[in-house]
Amino acid sequence: MTPALLGNLSVSLALAFSLLGLALALLAYLQGDGRFLRGARALVLPAFLAALAAFLALEWALLAHDFSLAYVARNHSTKDPLWVTLVTPWAALEGSILLWGLLQTLYTLLASRKPLDPWRASLVLAVLYGIQVFFFGVMATIASPFQTLPNPPQDGVGPNPLLQNHWMMAVHPVLMYLGFVGLSVPYAYAVAAMVARRYQTWVEETRWWTLIAWGFLTAGKVAGMWWSYEVLGWGGYWAWDPVENASFVPWLLATAFLHTALVQQTRGAFKAWNFAFVTLAFAATVLGTFLTRSGVIQSVHAFAEGPVGPAFLGFFLLATGLGLGLLSRVSREVRDTALFHPFSREGALLLGAFFFAGWALVVVLGTFYPLLVEAFAKAKVSVGAPFFNQVSAPLGAGILLLMGVGPLLPWRRPRKEVFRNLYLLLSVLALGTLLGLLRGYTLGASLAVGLFLYNAAAIYLLAREGVLARVRAGLSPWGFLANRRRVGSLVVHFAVALMGLGIAFSQTYRLESEKTLYRGEAWEVGGVRLTFQGVRALDEGRRFAVEALLGTGRFGEVRPRLHFYPQMNSPLPAPKVIYTPGNDYYFLLMDFDREKGEWASIRLIVTPLVFWMWVAGALMALGTLYILWPVGRAEEARGVSPA
Amino acid sequence: MRWVVLLLAFLLPALAQEAPPPDLSPEVFRIARELRCPVCQGESAAESNSGVAVEMRRIIAEMLREGKTEEEIKAFFVERYGDWILYAPPRRGVTLWVWVLPVLGLLLLGLGLFAYFRPKPLPKELLEEAERRLKEPPR
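Only a predicted model underlies this, so the values are computations on that prediction, with no experimental measurement involved.

Definitions and limits used
Residues numbered from 1 in each chain as written. Chains lettered and ligands numbered in written order. Predicted model: local features only at pLDDT ≥ 70, side-chain atom pairs only at ≥ 80, totals over all residues. Heavy atoms only, no water. Helix = DSSP H or I, 4+ residues; strand = E, 2+ residues; numbered from the N terminus. Buried < 20%, exposed > 50% of the residue type's maximum accessible area, 1.4 Å probe, protein only. Contact = heavy atoms within 4.5 Å. Domains from an automatic or database assignment. Buried area = accessible area lost by both parts, 1.4 Å probe. Salt bridge = Lys/Arg side-chain N within 4 Å of Asp/Glu carboxyl O. Polar contact = N/O pair within 3.5 Å; in protein donor to acceptor, adjacent residues only side chain to side chain. Nonpolar A, V, L, I, M, F, W, Y, C, P; charged D, E, K, R; others polar. Expected span 1.5 Å × (residues − 1). Pairing = 2+ DSSP bridges. Axes fitted to C-alpha atoms, helices over the stretch in contact; angles between N-to-C directions. Patch = residues over 30% accessible without salt bridge, like charges linked within 9 Å, V, L, I, M, F, W, Y side chains within 5 Å. Areas by Shrake-Rupley, 256 points an atom, 1.4 Å probe, with all protein chains shown as cover. Disulfide = S-S within 2.5 Å. pLDDT = per-residue confidence, 0-100. Phe/Tyr/Trp six-rings, centres within 6.5 Å; stacked < 30°, edge-to-face > 60°. Lys NZ or Arg CZ within 6 Å of the ring centre and 35° of its normal.

S.K.: What's the story with the overall build of chain B in this structure? I'm lost.
M.R.: If you tally the helices and strands in chain B, you get 6 helices and 0 strands. Its helices and strands in sequence order give chain B the pattern α-α-α-α-α-α, from N to C terminus. Evaluated residue by residue, chain B yields a buried proportion of 32% over its 139 residues. Partitioning the intrachain contacts of chain B with sequence separation of at least 6 by distance along the chain shows that 43% fall at a separation of at least 24.

Below is the structure:
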């Protein structure tokens, strides 16, 4: 047995199980026969095990340095440390698809365990199996991780050095895939709901899945931002790189869906919106993969060109067509008939969802615009960060504004006392903005201060309301914490407001400067006094490192580095970041005197409030986790009011 | 120290150096961030470490020292590389639409929402039905 044999066999088996499962699930639905459904359910576990075996085969090949596999030869080297070897399966295209397929089988396995009426259960399984067929079909044909080489090399080059520089690389892709794949379950339920014409309950039934997908997407995005900040050496966390955009779009649409789903759960309205948003969110994950893997767009993330792009494009069109086609078929039946007051909870939720969807639209437009212009007008244009920042700022501000007032509005129509709260909040917003202006901040940054305080005040009001209601009813105020949905969403909302503040300040007030220092020379910049004390070289086996020794006084000695990899012809800077609650100090070694080490070019980037963005990211994950935390049966039986 | 320098020199023959790079003020980076690095994959001239980007930063610093304004510096690069070098697409010609479309799209969304929230009169049949039932004698 070789890894290649095991891998190919497992991929084929996973494909066969998925195809068979798809056929059985469809038969179960069409024939209305439970035996077929039992058969389809029974294949879920074997498909997962086969996918797992394929994944382990790839790990085995990497650990055994089996360079007869093309994937191993291209992405692995005997000098890689163990952790790099273990995460190499998702360092390139074919392995990533394998990981995606594995996670899909895992989610199918978990989703199939949930009790559901046989009609929809067959349909859900059919959709999930269909997705599996696509992934394993791609692996078995055009992007096999187990393709062998006729003349295996003695050693490979290892994964892209950018991916080896930080442990975050072990985490970020897996989190993203867990999020992407998580959206497949609500999508499958939505398709089943539209086919079986049972429109109401699927949202509640997939609430957990939607939240978990959203939580993973959020954590994955923040992890990626942090990786970009720590590794790419440009002192930023978000470049509006096409691939960042491509994974931002599903997040935006998932957020929109999360909020409109709430209205369907509570009021039974917005059914059509939910079908549309969940379809688009799921399809956007596939579109993102098309963008990254087709080679139409070049970026840090884009692995390789190949026939994979068209396959993903076709799958994207299929997924979108299925969801939206079904929606148009049933649109008369899911139309909202009730009247909505714009100044109500559902009004705010829909408006917010539209902000998110509009944002997604703008990001898609900006990302594809250069491609469209090149295709039709034969001109080359760039649409980059300045564009995205300018169009995103008003949308983000609108979302922050809605986020504060929305949860305070009652369902259906506003009550009198709401207006008192609203005036209070608006005066906090005005005062905060004024305060910022008086301190000399720009209008945008001042508005961010105002919006942060406004949201903090809104959250305080909401928490107070919840606690007081309990006290009035003679209950323990701590019971408020048992309202997980409310408390968790408040934590997440606070984190979003904090993130907004961090983004506004770090984008507005960023100081970046570079200077060549001679040994012993001091440089006063951005509130730091740097003295250059010399360079030092280290041989680390798979790479050379050169570090500059910088005295900073306040932060002691810092040592930014340059890494020289044999497979790269230019060195990679490894920044040294000093995090503080006020400013982040980001030290980079850009160049140095190779003859005598007499001088070094140092770049310093000082950015305010970035620290709080990572805090906000952690809070978002924790808030989501708090909502998802399994509730004990006793607590569930007692019932927690949704208000 | 010496052996490392030797080794590095052996490893990196392409990176033979002459003079140390020039000092760059925050202003240089602010302008460079708006310009594309022509040989990179989605990086601005501020971020990239490629030779072209380093040279671009040097030119920007030079031009700033000569008292050139931001517009003049950008115009210089546009003349060399075309509008493609600008990360903020100019608000004219073929890239005007990328600025106009989001505004138009949001307006349309807003109009759609407005229509959605507007009180819709009940269908006539339903009203007539209700009226008829009201007039019916209670059973």
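From this point on, the discussion continues.
S.K.: I tried to follow the domain arrangement of chain A on my own but got confused; where do I start?
M.R.: Residue and element names in this part refer to chain A. Splitting chain A by domain gives domain 1 (1-164), domain 2 (169-404), domain 3 (405-509 + 620-630) and domain 4 (511-611). For domain 3 versus domain 4, the distance between C-alpha centres works out to 40 Å. The partner domain 4 presents 6 residues to the 5 residues of domain 3 that form the contact. For the pair domain 3 and domain 4, the summed buried area comes to about 360 Å², and 74% of that belongs to carbon and sulfur atoms. By the criterion of area lost to domain 4, the three top residues of domain 3 are Phe505, Ser506 and Tyr509, representing 77% of everything that side buries. Taken together, the connections running from domain 3 to domain 4 amount to 0 salt bridges. The tally of links between domain 3 and domain 4 comes to 0 residue pairs in polar contact (both at pLDDT 80 or more). Of the residues in the side of domain 3 that touches domain 4, the class split is 3 nonpolar, 2 polar and no charged.

S.K.: Sorry, what's going on with the interface of chain A and chain B here?
M.R.: Across the boundary between the two partners, chain A contributes 56 residues, which contact 46 residues of chain B. The junction of chain A with chain B conceals about 4,800 Å² of combined surface from both sides, 67% of it contributed by carbon and sulfur atoms. Linking chain A with chain B are 2 salt bridges. Two residues, Arg33 of chain B and Glu512 of chain A, come together in a salt bridge whose shortest N-O distance is 2.7 Å. Seen at the junction of chain A and chain B, the total is 14 residue pairs in polar contact (both at pLDDT 80 or more). Of all the elements in the fold, those that place two or more residues in the side of chain A that touches chain B are helix H16 (345-376), helix H17 (385-405), strand E1 (511-518), strand E3 (528-539), strand E4 (544-551), strand E9 (583-592) and strand E10 (599-608) of chain A.

S.K.: Sorry if this is basic, but what is going on with helix H21 (residues 610-628) of chain A here?
M.R.: Residues lying three or four places apart along an α-helix face the same way, a consequence of the helix completing one turn every 3.6 residues. Its 19 residues give H21 of chain A an end-to-end C-alpha distance of 28 Å, which sits within 8% of 27 Å, the value for a rise of 1.5 Å per residue. In this fold, the buried residues of H21 of chain A make contact with helix H12 (207-231), helix H20 (484-508), E9 and E10 of chain A.

S.K.: What is the right way to read the sheet that holds E1 of chain A from this model?
M.R.: For sheets, the rule is that strands pair by backbone hydrogen bonds, running either parallel or antiparallel. All names here are of chain A. Reading across the sheet, the 4 strands line up as E1-E10-E9-E8 and stay open at both edges, with antiparallel pairing between neighbours. Two strands lie at the open edges of the sheet, namely E1 and strand E8 (576-578), each paired on one side alone. Taking the axes of each pair of neighbouring strands and ignoring which way they run, one obtains an average angle of 20° across the sheet. With 9 bridges connecting them, E9 and E10 associate as antiparallel partners. When the sheet's bridge partners are listed, Phe592 is paired in E10 with Ala600.

S.K.: Please clarify how a nonpolar patch on the surface should be interpreted in this entry.
M.R.: The grouping of Leu96, Trp97, Leu101, Val103, Leu104 and Leu107 of chain B at the surface amounts to a nonpolar patch, some 550 Å² of accessible area in total. The residue Leu101 of chain B is located in helix H5 (residues 96-117) in this model.

S.K.: Explain the pattern of salt bridges to me, please; I cannot follow it from the model alone.
M.R.: Close approach of charged atoms lets side chains of opposite charge pair. According to the stated counting rule, one finds 36 salt bridges over all chains in the structure shown. With its nearest N and O atoms 2.8 Å apart, the salt bridge here joins Glu512 of chain A to Arg510 of chain A. Neither residue differs from the other here; Glu512 of chain A and Arg510 of chain A are each classed as buried. Residues Glu129 of chain B and Arg133 of chain B are paired through a salt bridge, measuring 3.0 Å at the closest nitrogen-oxygen approach. Of this pair, Glu129 of chain B and Arg133 of chain B both sit in helix H6 (residues 124-135), separated by 4 residues, roughly a single helical turn. For Glu129 of chain B, a relative accessible area of 30% puts it in the partly exposed group.

S.K.: Help me understand the state of the cysteines in this model?
M.R.: Each disulfide consists of one covalent bond between the sulfur atoms belonging to two cysteines. All names here are of chain B. Taken as a whole and judged by the stated rule, the model has 1 disulfide over all chains. Here Cys37 connects covalently by a disulfide to Cys40, the sulfurs 2.0 Å from one another. Across the S-S bond linking Cys37 and Cys40, the dihedral sits near 60°, which makes this disulfide right-handed. Look at Cys37 and you get buried, because its relative accessible area is 0%. The buried category is assigned to Cys40, whose relative accessible area is 16%.

S.K.: What should I look at first to understand the confidence of the model for chain B in this one?
M.R.: Interpretation of this model should avoid reading the predicted coordinates in detail wherever pLDDT is low. All names here are of chain B. Per-residue confidence for chain B averages 83 on the pLDDT scale, and 84% of its residues sit at or above 70. Per-element confidence in chain B is highest for helix H4 (residues 70-81), whose mean pLDDT is 95, and lowest for helix H1 (residues 2-11), whose mean pLDDT is 44. The model gives residues 1-16 a pLDDT under 50, and that stretch makes 16 contacts with residues more than four places away or in other chains. Overall fold confidence (pTM) sits at 0.91, and the ipTM for the predicted complex is 0.84.

S.K.: Mind showing me how you'd approach the packing of aromatic side chains here?
M.R.: Here a ring pair, both rings aromatic, is described through the centre-centre distance and the interplanar angle of the planes. For the structure on display, the rule yields 47 aromatic pairs over all chains. Measuring from centroid to centroid gives 6.0 Å for Tyr441 of chain A and Tyr509 of chain A, while their planes differ by 55°, and the two rings are tilted. Of this pair, Tyr441 of chain A sits in the loop between helix H18 (416-438) and helix H19 (443-472) while Tyr509 of chain A sits in the loop between H20 and E1, and the two are 68 residues apart along the sequence. Ring pairing ties together the aromatic residues Trp214, Trp238, Trp240, Phe248, Trp251, Phe356, Trp359, Phe387 and Phe388 of chain A together with Trp99 of chain B, which thus form one cluster. The residue whose ring lies beneath Arg594 of chain A is Phe592 of chain A, and the NZ or CZ to ring-centre distance is 4.8 Å. Its guanidinium or amino end placed over the ring of Trp99 of chain B, Arg91 of chain B lies 4.0 Å from that ring's centre, counting from NZ or CZ.

S.K.: Please clarify how the pairing of E1 of chain A should be interpreted in this entry.
M.R.: If a strand is regular, its side chains alternate between the two faces of the sheet. Residues and elements named next belong to chain A. Taken across its 8 residues, E1 has 6 buried, putting it largely inside the fold. Pairing of E1 with E10, which is carried by 8 bridges, proceeds in the antiparallel orientation. Of the residues in E10, the one forming a bridge with Lys515 is Ile602.

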